[in-house]
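A closer look at the structure
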There are 2 protein chains.
Amino acid sequence: MTDKRIAANTGATEFDRAVALQPVGDGRWRAEIQDGWDFGGTPNGGYLLSIAAGALIALTGRPDPITITAHYLAPAQPGPAELEGEILKSGRRHATARGAIRQGSRVVAQLLGTFGELAESASGICHESGLPDLPPPESCIAPAPTPGGFVPPPITERVEIRLHPAHAGFAIGQPHGRAEMGGWARFADGRPVDTLALPLLADSFPPPVFNCGIKLAWVPTIELTVHLHKRPAPGWLGEWFTTDHIAGGYLEEDGVIWDAAGDVVAVSRQMAILPR
Amino acid sequence: MTDKRIAANTGATEFDRAVALQPVGDGRWRAEIQDGWDFGGTPNGGYLLSIAAGALIALTGRPDPITITAHYLAPAQPGPAELEGEILKSGRRHATARGAIRQGSRVVAQLLGTFGELAESASGICHESGLPDLPPPESCIAPAPTPGGFVPPPITERVEIRLHPAHAGFAIGQPHGRAEMGGWARFADGRPVDTLALPLLADSFPPPVFNCGIKLAWVPTIELTVHLHKRPAPGWLGEWFTTDHIAGGYLEEDGVIWDAAGDVVAVSRQMAILPR
């Protein structure tokens, strides 16, 4: 871990390299979608959203995404990608922009987001429903290979997660019966999680439906929206994902992410296709 | 009510006129944003989303929005508007498109949505968390002028609502203390609610923060996303809105809408600016 921790201090972390953009002028960038940010071959939708957020932050000159939505049109592949962005409105408090990620002739994702500046402090934060009850990280479960054949997906080498002890049973064929998945997350190399990384972190847990007996298969995201509320304090992030509704072959997945200060820093919702 | 009920049967309902589009070719339409679909002067964001959904349904040839997001860039005004749409991908199961609503030189709203075909039956619907406990419509409260000066907003003449008896106190200066607003809704003229109207219905309740002592002022929506799960059965729709997080001057508002068959037909989430 030492080398990785050093990398974090120089800014050359694996995440920063994975979302690096090369401007090619006129609201366009080149990126290199990296291998290893996936659950089984297809680069994670949250990772793509972080790449695109970086482009639109650069374009708008606003430091933080406030609300950002991606629609996923085709599975991305590790390798070169082209990004484009367009400012739709630049106001005093907010700028709104759209963007797209292309690989070759295919649009992989289309984005729409509003950007601004978030606070680092928690003033004025109200948690109407409180935070879920989550044991401390040291009492939670790190994904590990199981005799039943479960192999932790590649992304967990980069985004370290610790699952609620009652939520990890899906990996050994013992789902707890509710579409719920809670735990902790941080970068394995110690890079602090900022608002650029929150979209990735909002999509880095196993789907909560794995805990209600759904087949452990890829759950393709159609659309992911992340609302950002605050710049995260350093340390582990608490994350809690639920699926309340499954209908007509679709499911949605709601997430709440809070920081070590106990403040909600982001909420996420995605619509995905239920594996058959 | 008789004339209005007849109108519903001929298709010439007030809502249908309010979302009518005149194609002007090449993915462009003219619309007339109507007065009376507002909470106090500014046409409702859900109403604009229904207008745009109609354009993108026409463009994609898919009958139902599956997930649709609008970012609101400037307050709309009653009067002429121009819509534009572009198909981003047209696949076997889904088509994804973006669009914009303009008035004069201003972009009022920018849209991104995925369209397809939803079921009319409830097969395969799972409600993990169940539905809120809502008394029947006849035991709920219709908005009415109060001695304290509350005047029901114009939209309630078109979208009839009945609020949970415990949630209506905000109108007489007695908010119940939780950011929660539940009740029933339907068109006043009896027009059935279809997936075109659901975006409007997802934004037709007073903000739940009115029930936790926030000033009764316009709560400007930055972004509204509606996920549609099923074509609604005829009758009253149950609706339940909550705000779990208020932070940094922003709030979010989550909605669940179910039909008379007890099936969740849509969920909504918006990010809005907290009134000062």
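Residues numbered from 1 in each chain as written. Chains lettered and ligands numbered in written order. Predicted model: local features only at pLDDT ≥ 70, side-chain atom pairs only at ≥ 80, totals over all residues.

1. Section: the overall build of chain A
Each helix and strand counted, chain A has four helices and 14 strands in total. Compactness check: chain A gives a C-alpha radius of gyration of 18 Å against a globular reference of 19 Å for 276 residues, within 12% of the reference. For the C-alpha atoms alone, the extent of chain A along its principal axes is close to 50 × 45 × 45 Å. Taking all 276 residues of chain A together, the buried fraction comes to 53%. Long-range contacts, defined here as pairs at least 24 residues apart, represent 72% of the contacts in chain A between residues at least 6 apart. (Helix = DSSP H or I, 4+ residues; strand = E, 2+ residues; numbered from the N terminus. Rg over C-alpha atoms; globule rule 2.2 N^0.38 Å. Buried ≥ 20, exposed ≤ 12 C-beta atoms within 10 Å, placed from the backbone. Contact = placed C-beta atoms within 7 Å.)

2. Thoughts on the interface of chain A and chain B
Counting residues at the interface gives 43 residues for chain A and 43 residues for chain B. Tallied by class, the residues present in the side of chain A that touches chain B amount to 17 nonpolar, 17 polar and nine charged. In terms of strand pairing, strand β12 (residues 245-247) of chain A meets strand β7 (residues 126-127) of chain B through two bridges, oriented antiparallel. From the neighbouring strand, A:Ile246 faces β7(B), where its bridge partner is B:Cys126. (Nonpolar A, V, L, I, M, F, W, Y, C, P; charged D, E, K, R; others polar. Pairing = 2+ DSSP bridges.)

3. With respect to unusual backbone geometry
Residues and elements named next belong to chain A. Backbone geometry places Asp 26, a non-glycine residue, at a positive phi of 60°. Topologically, Asp 26 is positioned in the loop between β1 (21-23) and β2 (28-33). When the 7 C-beta atoms within 10 Å are taken as the criterion, Asp 26 is described as exposed.

4. Digging into the environment of A:Thr60
All names here are of chain A. Here Thr 60 is to be found in helix α3 (residues 45-60). For the pair Thr 60 and Ser 90, spaced 30 residues apart in sequence, the C-alpha to C-alpha distance is 7.4 Å. Beyond its immediate chain neighbours, meaning those up to four positions away, Thr 60 contacts Ile 87, Ser 90, Ala 95, Ala 97 and Phe 115.

5. Focus: the nonpolar core
Residues A:Ala52 and B:Ala52 are the most contacted members of the largest nonpolar core, which totals 162 residues. When neighbours within four sequence positions are excluded, B:Ala52 is seen to be in contact with B:Ala70, B:Leu83, B:Gly99, B:Ile101, B:Ala109 and B:Leu111. (Core = buried A, V, L, I, M, F, W, Y, C linked by C-beta atoms within 7 Å.)

6. As for the relation of the copies chain A and chain B
With an RMSD of 0.0 Å, the operation that places chain A on chain B is a rotation of 180° combined with a shift of 0.0 Å along the axis. Look at the turn and shift together and you get a two-fold axis relating the two. When the interface residues of chain A are mapped onto chain B, 100% of them again lie at the interface, so the same face is used by both copies. (Least-squares fit on C-alpha atoms with pLDDT ≥ 70 in both.)

7. Focus on helix α3 (residues 45-60) of chain B
Residue and element names in this part refer to chain B. Over its 16 residues, α3 extends 22 Å from the first C-alpha to the last, a length consistent with the 22 Å expected when each residue adds 1.5 Å. In terms of burial, α3 is largely enclosed, as 15 of its 16 residues are buried. A positive phi of about 70° marks Gly 61, the residue just after α3. (Expected span 1.5 Å × (residues − 1).)

8. As for the pairing of strand β10 (residues 221-228) of chain B
Residue and element names in this part refer to chain B. Most of β10 is tucked away, with eight of its eight residues classed as buried. When strand β3 (residues 64-72) meets β10, the two strands line up antiparallel, connected through five bridges. Residue pairing across strands places His 71 opposite Glu 223, the latter belonging to β10. The pairing of β10 with strand β14 (residues 264-273) spans seven bridges and is antiparallel. From the neighbouring strand, Leu 224 faces β14, where its bridge partner is Gln 270.

9. Quick notes on the environment of A:Pro175
Residue and element names in this part refer to chain A. Structurally, Pro 175 is set in the loop between β8 (159-163) and β9 (180-187). The buried category is assigned to Pro 175, around which 20 C-beta atoms lie within 10 Å. Apart from the residues lying within four places of it in its own chain, the contact partners of Pro 175 are Gly 169, Phe 170, Phe 210, Asn 211, Cys 212 and Gly 213.

10. Considerations on the confidence of the model for chain A
Keep in mind that low pLDDT regions are not for reading the predicted coordinates in detail. Residue and element names in this part refer to chain A. When the pLDDT values of chain A are averaged, the result is 91; 95% of them are 70 or greater. Segment residues 1-10: pLDDT under 50, and twelve contacts once partners within four positions in sequence are set aside and those in other chains are kept. Of the two predicted TM-score estimates for the complex, the pTM is 0.94 and the ipTM is 0.93. (pLDDT = per-residue confidence, 0-100.)

11. Considering the pairing of strand β4 (residues 79-90) of chain B
All names here are of chain B. Bridging between strand β2 (residues 28-33) and β4 involves six bridges; their strand directions are antiparallel. Residue pairing across strands places Arg 28 opposite Glu 84, the latter belonging to β4. Two elements, β4 and strand β5 (residues 95-103), share eight bridges in a ladder whose sense is antiparallel. Pairing of Ser 90 across the sheet is with Ala 95, part of β5. Taking the residues between adjacent antiparallel strands as the criterion, β4 and β5 are bridged by four residues.

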